Amino acid sequence: MNHTSNQLYKCLVYDGQISLSVLDTKPLVQRALDIHRPDDKTGKIFGCLLTACAYMAGCLKSPKGAVSLTVKAGEGGCTVSVSGDSRGHIRGCIDGGDNGLKGGTLTVIKDDGFSRPFVGTCLMESDDVSQNLEEYFRQSEQIATRVRVSADVENGVCKTAGGIVMQQLPGTSEENAEKCEERMRAFENFSYPLSRLGAEGILREYFAEEYQKGGVYLTFPEYKCNCSRKKIEGVILSLGKDELYKILEEEGKISVHCHYCNTDYTFDKADVDGLLKNA
Ligand SMILES: [Zn+2]
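This structure is a prediction, so every number in the text was calculated from the model and none was measured.

1. Thoughts on the environment of Y206
Okay, so step 1: Looking at the secondary structure, you find Y206 in helix α5 (residues 191-206).
Okay, so step 2: By relative accessible area, Y206 is classed as buried at 18%.
Okay, so step 3: Note: C-alpha distance between Y206 and R183 (23 residues apart in sequence) is 7.9 Å.

This is the structure:
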């Protein structure tokens, strides 16, 4: 069992009518916990959403595609935002602590290279991230999708994290839809089979026939922020020359903090002079 990298396995099962994804995202979630240090309950929600995002990023068709998921819990709860791109680079940030999700909203923005990004929002009827995601797929994308994502977090350490998603393709027979339901029952508590078998082991054990036929695609999502000094330069230049010199005069430097990866970018007067000269 390889636990050094994140894994996303994808294949078609049940007469090619169901798209199956199995994920192990333990290193990705651990990296996110190390950066953001949430309490364990919020860390679990964060881990589940990062895993869901890794799945959805893996479904993007355009190389320029991007997806983001945001949960805003009810009063006193957390706001968790995660985003990913078609290279499988996933990042996220958290605000506030856990007070349950029920009554809050889940918003998904998906840009798959079409003219306009798709935006879907649904009310969260449950504290369980998996159930809210299923509801999102049903309401907003009108696709029957079974989702089990899990993240076991104890004292800031991720013990296991991953998920399984089975999505019906158009024209799925009732028989295969039922097979899918039946199979999903084995994954009510996904942490258990995942820690015992690993992502590949789950394919071998529960989808042996399909696994042996081949056609299984493996990708490696990771926690990676897409910020860079170059991008931040563009942002600060947009403030305009007067504003930049005003901040320099007041603060002595310009600091920009990236909340996704905890990186500080600092620009002194010489940096700003140089940027304006080359702009
Ligand atoms: Zn960053």
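And the narrative resumes.
2. With respect to the coordination of the zinc ion
Six octahedral donors around a metal ideally make angles of 90 or 180 degrees; four tetrahedral donors ideally make 109.5 degrees.
Okay, so step 1: Protein-derived ligands of the zinc ion are C225 (SG), C227 (SG), C258 (SG) and C261 (SG), with the metal-ligand distances lying across 2.2 to 2.3 Å.
Okay, so step 2: Every donor counted, the four donor atoms about the zinc ion form angles of 102 to 114° at the centre, which fits tetrahedral coordination.
Okay, so step 3: Mapping the donors of the zinc ion onto the primary sequence gives the spacing C-x1-C-x30-C-x2-C. Of this pair, C227 sits in the loop between β11 (222-223) and α7 (229-237) while C258 is found in strand β12 (residues 254-258), placing the two residues 31 residues apart along the sequence. Taken as a pair, C227 and C258 share a single burial class, namely buried.

3. Brief notes about the environment of L60
Okay, so step 1: By secondary structure assignment, the location of L60 is in the loop between α2 (40-58) and β3 (66-72).
Okay, so step 2: The buried category is assigned to L60, whose relative accessible area is 10%.
Okay, so step 3: For the pair L60 and I45, spaced 15 residues apart in sequence, the C-alpha separation works out to 23 Å.
Okay, so step 4: Every residue in contact with L60, bar those within four places of it in the chain, is listed here: G65, A66, V67, G84, D85, S86, K110, D111 and D112.

4. What to know about the domain arrangement of the chain
Okay, so step 1: Entries for the chain in the domain assignment read domain 1 (7-223) and domain 2 (229-278).
Okay, so step 2: Summarising the inter-unit geometry, the C-alpha centres of domain 1 and domain 2 are found 36 Å apart.
Okay, so step 3: Taken together, the contacts link eight residues of domain 1 with four residues of domain 2.
Okay, so step 4: Interface of domain 1 and domain 2: buried area, both sides summed, is about 500 Å²; carbon and sulfur atoms make up 57% of it.
Okay, so step 5: Three residues stand out in domain 1 for area buried against domain 2, namely I35, R91 and C93, and they jointly supply 68% of the buried area on that side.
Okay, so step 6: The tally of links from domain 1 across to domain 2 stands at three residue pairs in polar contact (both at pLDDT 80 or more).

5. Remarks on the pairing of β3
Side chains on a regular strand alternate between the two faces of the sheet.
Okay, so step 1: Among the seven residues that make up β3, five are buried, leaving the element largely enclosed by the rest of the structure.
Okay, so step 2: Here β3 pairs with strand β4 (residues 79-85) via seven bridges, running antiparallel. Paired with A66 across the strands is D85, a residue of β4.
Okay, so step 3: Where β3 hands over to β4, the hairpin turn is made up of six residues, of which G76 adopts a positive phi near 80°.
Okay, so step 4: Bridging between β3 and strand β6 (residues 105-111) involves seven bridges; their strand directions are antiparallel. In the strand pairing of β6, S68 is matched with I109.

6. A few points about the pattern of salt bridges
Okay, so step 1: A complete count under the given rule lists twelve salt bridges for this structure.
Okay, so step 2: Taking the shortest distance from any N to any O, the salt bridge between R204 and E200 comes out at 3.2 Å. You can see R204 and its partner E200 sitting in helix α5, four residues apart, about one turn around the helix.
Okay, so step 3: The salt bridge involving R229 is made with D271; its shortest N-O contact spans 3.6 Å. Placement of R229 in helix α7 and of D271 in helix α9 (residues 269-278) is noted, with a sequence separation of 42 residues between them.
Okay, so step 4: Take R229: its relative accessible area is 33%, and that puts it in the partly exposed class.
Okay, so step 5: D271 gets classed as partly exposed once you look at its relative accessible area, which sits at 32%.
Okay, so step 6: Each of E134, R146 and E181 takes part in salt bridges that share partners, so that together they form one network.

About the criteria used
Residues numbered from 1 in each chain as written. Predicted model: local features only at pLDDT ≥ 70, side-chain atom pairs only at ≥ 80, totals over all residues. Heavy atoms only, no water. Helix = DSSP H or I, 4+ residues; strand = E, 2+ residues; numbered from the N terminus. Buried < 20%, exposed > 50% of the residue type's maximum accessible area, 1.4 Å probe, protein only. Donors = N, O, S within 2.8 Å, 3.2 Å for Na, K, Ca; no water. Tetrahedral: all angles 85-135°; square planar, octahedral: opposite > 155°, others 65-115°. Contact = heavy atoms within 4.5 Å. Domains from an automatic or database assignment. Buried area = accessible area lost by both parts, 1.4 Å probe. Polar contact = N/O pair within 3.5 Å; in protein donor to acceptor, adjacent residues only side chain to side chain. Pairing = 2+ DSSP bridges. Salt bridge = Lys/Arg side-chain N within 4 Å of Asp/Glu carboxyl O.

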